[in-house]
Every structure is written in C-alpha cells, then in structure tokens.
There are 2 protein chains.
Amino acid sequence: MLDDLRHASPEEARRRIRERKHIAPTTGISIDYAQANLVVLKREAAYEFLLFCTRNPKPCPLLDVTDAGSPRPLLTAPNADLRTDIPAYRIYRNGQLAEEVEEIMDHWREDLVAFLIGCSFTFEKSLLENGIPVRQLELKRNVPMYKTNIPCVPAGRFSGPLVVSMRPIPYELVAKAVTVTSRYPSVHGTPVHIGDPSRIGIADLQRPDYGDPVPVYDGEVPVFWACGVTPQAVAVQSSVDFMITHAPGYMFITDVKDQSLSLF
Amino acid sequence: MLDDLRHASPEEARRRIRERKHIAPTTGISIDYAQANLVVLKREAAYEFLLFCTRNPKPCPLLDVTDAGSPRPLLTAPNADLRTDIPAYRIYRNGQLAEEVEEIMDHWREDLVAFLIGCSFTFEKSLLENGIPVRQLELKRNVPMYKTNIPCVPAGRFSGPLVVSMRPIPYELVAKAVTVTSRYPSVHGTPVHIGDPSRIGIADLQRPDYGDPVPVYDGEVPVFWACGVTPQAVAVQSSVDFMITHAPGYMFITDVKDQSLSLF
C-alpha cells in the first residue's frame, strides 16, 4: 500500500485516506509533496497558540491556519477536508490523550481553528538525493521522536518541552545534512542537536516517546531536528482543555511541493 | 548625529532616542543590529493580525510579540521600552492617520499588544559588503516605499495591498542582490519584483507613498522588496479602529545582530 501511494497525487492519496483504505504512517507517500502536522484548538485558545508558534518557529513553522469553523486549508490544499483526510487523529482533553480516532467529523465544531505545521519528512527526499541515508525509510518504520529537556518559549497557557525527531547520520555526512536542511527553514530547517542524546535529556534512544526506534550503527551520529509533535507534549504539560492533533507519523498531505519550500 | 550613532550599541542608540536627542530616520544607526517595524493593536484585534502575519510572511516576518500590556520585547530587546524607544510614532484611528508623536506613554493601555516585524535595513550591510550599492544610504535619505497592486492574503478584518521598498541595483548585480537577500528570510528575504514598476501598480518611482524618492541611474534596475510598512496600508484599507505604528523609516533598534538573522 505504501509503495502503491509513493507517486500518488496528494488528491489521490487524501482520497484513499478519506476512504479508510490507508490507515498507516504517511512517510514515503506522495513523495514530492509536503506533509504537515495538525493542531486543532478552540478559537478561544488560538491566539495564544499562534503566539506560541511565532515564538517557537523551529518546532512550529506554520504552513497554514484555517478560519474558525472551516476544515479547509486554503493556502496549502483548498480541496481537502482536515476532518477526514488524515489516517489517524488524537484527541486530548485536560492535558490527557483521551482517544485515537480515524476521522473527526463528529468532533468538529464551528469554533475550532486548525493549524498546519511543517514536517521534517519534507527534506528527507533532499537528504536522499544528497546521498544521506534516512534510516526509518530504509526500515519502513515511523521516525523516532523524543521529548527533550529544552524548554519552548512559553505563550499564555502554552509551555512545555521541545520534541525532536532523530535520524542516524554517518559522521562524514553530518555537515552535509546540516547544509541540506538549512534550505528548508519552514519545515524545521537545521538540526537543533548533533551527537550525545543525554545533553538534551534523552536517556535511551531505543525508547522514543513517539514513533518507532531505529538502530544507530557504528560510524553514525544521532542528529536531532525540531519536531511538529512538540504541541502534543505542550498540550499535556499545559493541561490544555481540548486539542485535536494528527497521530505522530500519520500526517496531512498538502498540495505544496517539497521543492517549493526550499529557499534555494 | 547619524554618523555619531553608526557604531553605537543598541542600548546607547535607544537611550539617545528615548531622550529625544535623535529624532530622525534610523537607517545607518547601530549598523550591526537589526531594526524592526512596530505595530501595536488592541488584544481584541491581535489574533487576526497574528494570522495576517502568518499568511503574509514576506511583508510581515515577526521577530517578537509582547504579552498584552507589556511594552518589553522579551526576545529581541528585553530592557527596551517600546513606548519611548522609537523616534516617531503614528497613531491610526478608524483607518485614518490621526497623529504623529514622539512617544506613546499616554496612549499605552493594558490591553495593547506590540508586534515587531523584520526590516530590510538588516540586509543592507550585507548588500554593501557584497559590492552592491544602496542608494538611500549614499544620499542619507529614507528608503522609498510604495503601495502596490499586489493584494495580501486577508485574515479577518485585515486586508490590503503589499507595500514594497525599492533600491536601484546595477543590472550586473541584480542576481547577486537576490542571492544575498535570500539568506535573510526573516527580514523580507528575496525581492518580490525586479524591473518595470508599472507591473506592480507603481505609476511614478519619484512619488513614493512613504519615505523619500531616490534617483535610478542609467544601467540600473529598480528592485522591490516586501516592506514592513504593509500593516499601515492595511490599517487604512481595513479601517482598523485603533493602531499605533512607527513612522516609516523611524525604526525600533533591537539587540539582535543582523548577522544572526542570516540563514548561512
């Protein structure tokens, strides 16, 4: 199924997802198009969250924000419906993960605002084209994600730790991985940390907080990028009363080409 | 006075401004430090404006947003006071420029939010270092700014035209000017238009809507960058009931080094 959708148009991929024919992580799907993290909040909380994103552009680079009540992301995929076009959603209540669901039609309300946040999957094709291996793609797993001890800049009720994704990179390709990803500031850009995981509060790479573990081979360095799952960790720490997100790794596929998010 | 403050620290420059000893455009002051556009709005309008900035990152790249009631920009100049540290302010009421003042202590209220927006002055030193002349610096004038026929993406009550700044660039240096400014996405980045002003609705380069005219010499092309004065044109078109801004060219000087806003 995954290989099947590798070269699917975003429209086609979203249709398959909407019809519940693809209920799996989206890494590698519609390979030329940018995927996005979803955060849905009540309008009453939206200003403080927008401020949080503005103050934390590395983990929360905004690609699109819907008008209150509208599930249509007008800038990035005007024909999509954010209530049905993601394979799995998480619903948080009072800072607790309450349920994981396959669509959110019944949870949608007129006072909800949806935020689409850039995803590091966008630069993975560019890493591959520059000869840099991407372990979780090789293994067909979800990328490993970790809560760190790096605090985000708070905004109103929103505060909490930075979440990062990790890719093992061969020593001789680390500098190249930095320069390649520097071209993509709107999808997390350069790494936030290179090397020793304990320096950013990660005790065990084989026990990620989200996604799947991947092996780090001899001669490789763990490299960490800011991750759009950060708002989920923030929702928990801040006891946000209501929030819907995508399930980590189960992203929204936009109509925006990865390449168009590259600065040069 | 201007030459005097060219190498002043931001702290010193702001002190001179606060003491009303420098009431003039800020171009060329504290030359290594980023300057910013100011927009102050009521909290009630702040969400829609933040959304407007998110949807229009070229003219409105946010460097900082204060908490409601606080005149301190914690991320970019924590010791500054945005009510006194800019040489000239404009107050808009119901979409009309109501007055221009030298400080806003008496206008400040507990429900006001201040936004600092990146300014193209930041990349001018980099242009000069790359051998690209900056006409208004040569002539010690304010940069010329123009309303265009390019609409911004609306957000709530905020809609209106993109405003651009113009610098005449020798033909053989235009590509270089694009690549140099591409390194600075948080201060307007690459040009939005190169050449024929009429294509973006500018009838006469010698009659700018804001700032001073500068000559375009034979062998030069007018090059246009998105400008942080855009919110002022938007305030007028949208009849925003209350808004305070800097006076065009009279910017806020931050503690952030220009170079740190460069991607590479």
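It should be noted that the structure appears before, not after, this text.
Quick caveat, the model's predicted, so the values are computed rather than measured.

(A) Seen up close, the pairing of strand 7 (residues 161–170) of chain A. All names here are of chain A. For strand 7, a buried count of 10 out of 10 residues is recorded, marking the element as mostly surrounded by other parts of the structure. Where strand 7 and strand 9 (residues 220–226) come together, seven bridges link them in antiparallel fashion. If you follow Ile169 over to strand 9, its bridge partner there is Val221.

(B) Layout of the relation of the copies chain B and chain A. In screw terms, the move from chain B to chain A is a rotation of 180 degrees and a rise of 0.0 Å along the axis, fitting with an RMSD of 0.0 Å. The superposition of one copy onto the other is thereby described by a two-fold rotation axis. By C-alpha distance to the rotation axis, the residue of chain B lying nearest is Tyr47 of chain B, at 2.5 Å. Both copies present the same face, since 100% of the interface residues in chain B are matched by interface residues at the equivalent positions in chain A.

(C) Structural context of the side chain of Arg55 of chain A. In this fold, Arg55 of chain A is placed in helix 2 (residues 43–55). A relative accessible area of 11% places Arg55 of chain A in the buried class.

(D) Examining the packing of aromatic side chains more closely. Residue and element names in this part refer to chain B. Tallying each qualifying case throughout the model produces 12 aromatic pairs over all chains. Considering the side-chain rings of Phe52 and Phe158, the 6.3 Å spacing of their centres and the 50 degrees angle between planes classify their relative orientation as tilted. With a gap of 106 residues between them, Phe52 in helix 2 (residues 43–55) and Phe158 in the loop between strand 6 (145–151) and strand 7 (161–170) connect regions that are remote in the sequence. Taking the relative accessible area as the measure of exposure, Phe158 reaches 0% and is therefore buried.

(E) Quick look at the interface of chain B and chain A. Contacts between the two partners involve 19 residues from chain B, matched on the other side by 19 residues from chain A. Approximately 1,700 Å² of surface area, both sides summed, lies buried where chain B meets chain A, with 66% of it carried by carbon and sulfur atoms. Taken together, chain B and chain A are joined by two salt bridges. Between Arg55 of chain B and Asp67 of chain A there is a salt bridge, with its nearest N and O atoms 3.2 Å apart. In this structure, the connection of chain B to chain A is made through four residue pairs in polar contact (both at pLDDT 80 or more).

(F) Seen up close, the sheet that holds strand 9 (residues 220–226) of chain B. Residue and element names in this part refer to chain B. Read from one edge to the other, the open sheet built from four strands follows the order 6-7-9-8, with strand pairing classed as antiparallel. If you trace the sheet from one side to the other, it starts and ends with strand 6 and strand 8 (193–194), each paired once. Inspection of the sheet shows strand 8 paired to strand 9 by two bridges, in the antiparallel sense. Opposite Ile194, over in strand 9, you have Val223 as the bridge partner. Helix 5 (residues 174–182) rests against strand 7, strand 8 and strand 9 of the sheet, and its axis sits at about 20 degrees to strand 9. Contacts from helix 6 (residues 230–237) reach strand 6 and strand 7 within the one sheet, and its direction differs from that of strand 7 by about 145 degrees.

(G) Region of the structure containing the pattern of salt bridges. Residues and elements named next belong to chain A. Taken as a whole and assessed by the stated rule, the structure comprises 46 salt bridges over all chains. The closest approach of N and O atoms between Asp85 and Arg14, which form a salt bridge, is 4.0 Å. You can see Asp85 sitting in the loop between strand 2 (62–65) and strand 3 (89–93) and its partner Arg14 sitting in helix 1 (residues 10–18), a full 71 residues away along the chain. Each member of the pair, Asp85 together with Arg14, is buried. For Glu220, the salt bridge identified is with Arg135, shortest N-O distance 2.5 Å. Here Arg135 lies in helix 4 (residues 135–138) and Glu220 lies in strand 9, a separation of 85 residues in the sequence. In this pair, the class of Glu220 matches that of Arg135, namely buried.

Rules used throughout
Residues numbered from 1 in each chain as written. Chains lettered and ligands numbered in written order. Predicted model: local features only at pLDDT ≥ 70, side-chain atom pairs only at ≥ 80, totals over all residues. Heavy atoms only, no water. Buried < 20%, exposed > 50% of the residue type's maximum accessible area, 1.4 Å probe, protein only. Helix = DSSP H or I, 4+ residues; strand = E, 2+ residues; numbered from the N terminus. Pairing = 2+ DSSP bridges. Least-squares fit on C-alpha atoms with pLDDT ≥ 70 in both. Contact = heavy atoms within 4.5 Å. Phe/Tyr/Trp six-rings, centres within 6.5 Å; stacked < 30°, edge-to-face > 60°. Buried area = accessible area lost by both parts, 1.4 Å probe. Salt bridge = Lys/Arg side-chain N within 4 Å of Asp/Glu carboxyl O. Polar contact = N/O pair within 3.5 Å; in protein donor to acceptor, adjacent residues only side chain to side chain. Axes fitted to C-alpha atoms, helices over the stretch in contact; angles between N-to-C directions.

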